[in-house]
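Chain by chain, the residues:
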Amino acid sequence: MMSDKSKEKLIDKIRKILSLSKNNPSQEEAVHAANVAKELMDKYNLAMLEINNAEKEDGIEDCAVYFGKGMIEPYTWFLAHTLANHFDCTLYYNEKYNAQYNKVKEYFVVGHTIDLEIFEYTYVYLRRVIETMLSGIRKLNKQTTKKYLTSYAYGIAVEISNKLYQEKETKRKEQNTNIKSLTVRRKNEVNEYCKNVLGLSHARGHKNSLDYSGYNQGQSDGKNITIRNGVKSDKGNSQPRLN
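Residues numbered from 1 in each chain as written. Predicted model: local features only at pLDDT ≥ 70, side-chain atom pairs only at ≥ 80, totals over all residues. Heavy atoms only, no water.

### Quick look at the overall build of the chain
Consideration 1: Secondary structure summary: the chain contains eight helices and four strands in total.
Consideration 2: Element order for the chain, N to C, with α for helix and β for strand: α-α-α-β-α-β-β-α-α-α-β-α.
Consideration 3: Across the 243 residues that make up the chain, the buried fraction comes to 47%.
Consideration 4: In the chain, the share of contacts with a sequence separation of at least 24, taken over all contacts with a separation of at least 6, comes to 76%. (Helix = DSSP H or I, 4+ residues; strand = E, 2+ residues; numbered from the N terminus. Buried < 20%, exposed > 50% of the residue type's maximum accessible area, 1.4 Å probe, protein only. Contact = heavy atoms within 4.5 Å.)

Laid out in structure tokens, this is it:
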């Protein structure tokens, strides 16, 4: 069992790694640092709440990432929703009127500081992976319809969601009761803050009209995305691993 002193050193190390990810101008290195921290937390069975308790400045106040407004692409919504849940954040929306007096929805991802940092890096990285795959499809067939491409991207996002769900379920079975209760309490804090302070509502999914040939192909290709292994960069170096 880890001593209190060893645990404090480990938490301090994780905080420094997360600080490195936050202040790094390189997106790839930022993702890598964030996920190194996650791997350490997984290895030593530490919850985000334990890390955050070591830093008084961490909290929910003003910790909302603007995600988009109006009708956003179904796959981007689904990917954001999936990753938000995976990293103990939540996707919310707020309704406001624009200059033409039309009601418009604005979307936000809300969570504790560290959770949001890792969500942002991972979301940006995975979205870039999907967009690269979409670009490859367009090059193969320039006559591909927008509906096919949208469905293809949605299929990839669904497969990523399946992988993350299976991974989280495996970890949940390995976690002790105390860690589980801390995670639940952390998520409840976010929900209460959004409801009582920000006045935001839970974001619901968009209705999709799918091209199932594109969707099925996306799910099939999505199986080739290894969540924990990096992809090769243009220079041949391994890109950051994702959790």
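### Digging into the environment of Gly 199
Consideration 1: As for its position among the elements, Gly 199 is in the loop between α7 (177-198) and β4 (201-202).
Consideration 2: Between the alpha carbons of Gly 199 and Asn 94 there is a distance of 7.9 Å; along the sequence they are 105 residues apart.

### A closer look at the packing of aromatic side chains
Consideration 1: Applying the stated criterion across every chain yields a total of five aromatic pairs.
Consideration 2: Aromatic side chains Tyr 212 and Tyr 215 sit 6.0 Å apart centroid to centroid with 75° between the ring planes, which places their arrangement in the edge-to-face category. Of this pair, Tyr 212 and Tyr 215 both sit in helix α8 (residues 212-222), separated by three residues, roughly a single helical turn.
Consideration 3: Relative accessible area serves as the criterion here: at 53%, Tyr 212 is assigned to the exposed category.
Consideration 4: You can call Tyr 215 buried: its relative accessible area is 14%. (Phe/Tyr/Trp six-rings, centres within 6.5 Å; stacked < 30°, edge-to-face > 60°.)

### Some remarks on helix α4 (residues 74-86)
Consideration 1: Spanning 13 residues, α4 covers 18 Å between terminal C-alpha atoms, matching the ideal 18 Å at 1.5 Å per step.
Consideration 2: Summarising burial for α4: 11 of the 13 residues are buried, a large majority.
Consideration 3: Within α4, burial applies to Pro 74, Tyr 75, Thr 76, Trp 77, Phe 78, Leu 79, Ala 80, Thr 82, Leu 83, Ala 84 and His 86.
Consideration 4: Following α4 by one or two positions, Asp 88 has its phi on the positive side, about 60°. (Expected span 1.5 Å × (residues − 1).)

### Considering the side chain of Thr 144
Consideration 1: Along the chain, Thr 144 falls in the loop between α5 (113-140) and α6 (146-174).
Consideration 2: Side-chain polar atoms of Thr 144 contact the backbone oxygen of Asn 141, separated by 2.7 Å. (Polar contact = N/O pair within 3.5 Å; in protein donor to acceptor, adjacent residues only side chain to side chain.)

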